[in-house]
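Residue-level structural notes
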Amino acid sequence: MERLSIGHGAGGSLTQELISLITGRFDGSPLADGEDCAILPGGYAMTIDGYTVSPLSFDGGDIGKLSVCGSTNDLSVRGVKPLYMALGVIAEEGFPIGELMEYMESAAAVCRSLGVQLVTGDTKVVPRGQADGLFLSTCCIGRVNRKDQLGALNMRPGDTIIITCPPGLHGATIAARRYGLKVRGLSSDCAALWPLLENILPVNGLRCMRDCTRGGLATVLCEWSERAGLGIEIDETLVPWNEAALSVCDILGFEPLHMAGEGCAAVAVAEEEAQETVGLLRKHFLGKSASVIGRVTEEHPGLVGIRTRSGGTRLVDKPVGELLPRIC
Amino acid sequence: MGELTDRPIKVMEVCGTHTVSIFRQGLRALFPPNVALVSGPGCPVCVTSQGEIDAALSLAGRANTTVATYGAMLRVPGTEPTLAEERSRGADVRVVTSADQALSLAMDDRTRTVVFLAVGFETTAPATASVVLDACREDLDNFMILNLHKSVPPALETLASDPEVKLEAFLLPGHVSVITGLEPYRFLPERYGIACAVAGFEAEEIMAALVEVARQIREKRPRVASLYSRAVRPQGNATARSVMGKVFALDDATWRGLGIITSSGYSLREEFTRFDALERLGLTIKEAPPPAGCMCGEVLKGLIDPPACALFGRSCTPAHPIGPCMVSTEGSCAAYYRFRQRGNVNWRD
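1. A word on the overall build of chain A
- What chain A contains, in helices and strands, is 8 helices and 14 strands.
- Projected onto the principal axes, the alpha-carbon positions of chain A cover approximately 55 × 55 × 45 Å.
- The proportion of buried residues among the 328 residues of chain A is 58%.
- Residue pairs in contact within chain A that sit at least 24 positions apart in sequence constitute 85% of those at least 6 positions apart.

Structural data, given as structure tokens:
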């Protein structure tokens, strides 16, 4: 019998296959539309996510901060103000209570900054060896703050693609720690995106937004193009790259577009409102390097192309399985 | 560049990192039609033979044993399942990015046997040699290597002398040449009339190297040029070669697709056999045929482009690879699949 691999949880095509297998066992709901959170009747929205990061603490954040940012961001990108949160804690026997409280304080600080209330939760302690220190799950509920639902199906040819910050910072930071690379100035972008994205919700031509987590910007754009049946073209020279993240990718042989961000969103907006949107994003410190990076096309439907620095072109794809460093 | 060649030429990029770099930077879209670039045997995982992979997999099931491997080996299927699958069944398989990290695993827990899957060319062999010396100095009893290191120049000679392959130029590997220098490639222009240029991995460096070999072919003056002087010294890295010389001796080795090549493998010298997993654990490498229909061998020789393999993109994909060229991030099948599988993107200017 085939078994799960780490790649099934890496956010790329294997993850999609697994999700299809799981959801196929359920009756299905029209509310499960494949976006980052589900919009519920009555103007509420809901999402859940699990956090298993190793190391638990990293430059720019820790598992506590990540767990609140991740779930609230899944609401924020659909124009939903996060309001209430449930927290699940699975900790390993022997885990230091003081360290656990540090992560809880870190999570609580993000909740405070967003006005999110922790309303319920669950704690489990499992025998040593049955968990990698600490796992957290967060379920968030919020209120829809926009009349039109945001989603990939809104995209139209000619729309503009914007990114709010350099892609791949979180993934590169974790990879550097995991593979023993010391890179000065490299820090995760882990952040709650609501205060940034709230500013652009009044833009009429806003089509969809997505935080570029596992699978990175590449996966977001590929999923958008497949769902919408449209092409997407981006220009490598327009992407606000972070040199430290690029150097980690270069050394390990990773595709920078596959690296996760945890405070980075892709935005699709009508062309005529693109500059206004970039301007609004740049007013907030989380969006100061927001940039137009490409556009939606009728050509090559379902595919994402990138024009490279050298003037060549190639396809952008989703990662397959676990990102593994190259040999030489 | 197109004007430099008055006829179609076939250039092989030897190095897997070049293969990926060319695709990632979209350079193929810029090549003139009379320059055919084929991928060569420069991916360490791709050239590892079926028998060697099976030997590596047999380690994963052993009691009290940790297998330390470069990441790319994790998903290569042997006759048995992959190391990743063995890991999901409970085998202790750790991904390392250096031989040094594998040695640290052994030093940190002396109750477990740590076997390092030592694959790669002149790029990684010096680091393996160095940790073998360290292990010897520490008198470490729980560290071994499954030594699968190979040498690039003999494989190039096999290709150069193969009348079926018909190469006119090599884009020589950057990282390997940092160690070897330029001398080991001189036989290529002198004996086989093949144009050669060592290149770095930036777009301009690769394009400059292609211009260089096109010029050599047009002027009928093949030689070994280096377009990567910021990293490659003509004499290479003598210190690294000295460490390799202390630990390894050249021996015959089996390459996937190329068969047995004389003096193309780095075997452990006799005084280090206690670090040889084959000797210590009584393993043998039993060569097995490649999976049915798999044409990785033809791909590695540059005889076909990956899509010409009947399995490509059908039963063999990066998610479910059959041959190693589809597994490794540096494999040419994986690169073709990732960047070209559904055709190129046509941009409007």
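2. Some thoughts on the overall build of chain B
- Along chain B, the regular secondary structure elements total 14 helices and 11 strands.
- Its C-alpha atoms give chain B a radius of gyration of 20 Å, within 12% of the compact-globule value 20 Å for 349 residues.
- The C-alpha extent of chain B, read off along each of the three principal axes, is 65 × 45 × 35 Å.
- Per-residue burial for chain B yields a buried fraction of 59% across its 349 residues.
- Residue pairs at least 24 apart in sequence account for 76% of intrachain contacts in chain B once pairs closer than 6 positions are excluded.
- For chain B, the computed accessible surface area is about 13,400 Å², with 49% contributed by carbon and sulfur atoms.
- Across chain B, the 36 positively charged side chains and the 39 negatively charged ones have centroids separated by 4 Å.

3. Overview of the sheet that holds strand β10 (residues 231-235) of chain A
Residue and element names in this part refer to chain A.
- One open sheet accounts for 7 strands, arranged β9-β11-β8-β12-β10-β13-β14; its pairing is mixed. What marks the edges here is a single partner per strand, and that holds for β9 (206-211) and β14 (313-316). The sheet shows a mean angle of 25° between the axes of neighbouring strands, taken without regard to direction.
- Relative to strand β12 (residues 291-297), β10 is paired through 4 bridges, and the arrangement is antiparallel. Considered in β12, the bridge of Gly231 is made with Thr297.

4. Notes on helix α7 (residues 243-252) of chain A
All names here are of chain A.
- Regarding α7, the residues found buried are Ala244, Ala245, Leu246, Val248, Cys249 and Leu252.
- Along its buried surface, α7 packs onto α4 (169-178).
- The opening residue of α7, the one whose side-chain oxygen lies 2.9 Å from the backbone nitrogen of Ala244, is Asn242.
- With its phi angle positive at about 80°, Gly253 sits one or two positions after the end of α7.

5. Some thoughts on the interface of chain A and chain B
- Contact residues are listed per partner, giving 39 residues for chain A and 43 residues for chain B.
- When chain A packs against chain B, close to 3,600 Å² is buried across both sides, 57% of that on carbon and sulfur atoms.
- Looking at the side of chain A facing chain B, the largest losses of area belong to A:Leu315, A:Ile327 and A:Cys328, adding up to 21% of the total buried there.
- B:Arg24 is paired through a salt bridge with A:Glu255; the nearest N and O atoms lie 3.5 Å apart.
- Linking chain A with chain B are 5 residue pairs in polar contact (both at pLDDT 80 or more), by the criterion used here.
- In terms of residue count, the dominant contributor to the side of chain A that touches chain B is strand β13 (residues 304-307) of chain A (4 residues).
- A per-class count over the side of chain A that touches chain B returns 16 nonpolar, 11 polar and 12 charged.

Criteria and thresholds
Residues numbered from 1 in each chain as written. Chains lettered and ligands numbered in written order. Predicted model: local features only at pLDDT ≥ 70, side-chain atom pairs only at ≥ 80, totals over all residues. Heavy atoms only, no water. Helix = DSSP H or I, 4+ residues; strand = E, 2+ residues; numbered from the N terminus. Buried < 20%, exposed > 50% of the residue type's maximum accessible area, 1.4 Å probe, protein only. Contact = heavy atoms within 4.5 Å. Rg over C-alpha atoms; globule rule 2.2 N^0.38 Å. Areas by Shrake-Rupley, 256 points an atom, 1.4 Å probe, with all protein chains shown as cover. Lys, Arg positive; Asp, Glu negative; His and termini not counted. Charge placed at Lys NZ, Arg CZ, Asp CG, Glu CD. Pairing = 2+ DSSP bridges. Axes fitted to C-alpha atoms, helices over the stretch in contact; angles between N-to-C directions. Polar contact = N/O pair within 3.5 Å; in protein donor to acceptor, adjacent residues only side chain to side chain. Buried area = accessible area lost by both parts, 1.4 Å probe. Salt bridge = Lys/Arg side-chain N within 4 Å of Asp/Glu carboxyl O. Nonpolar A, V, L, I, M, F, W, Y, C, P; charged D, E, K, R; others polar.

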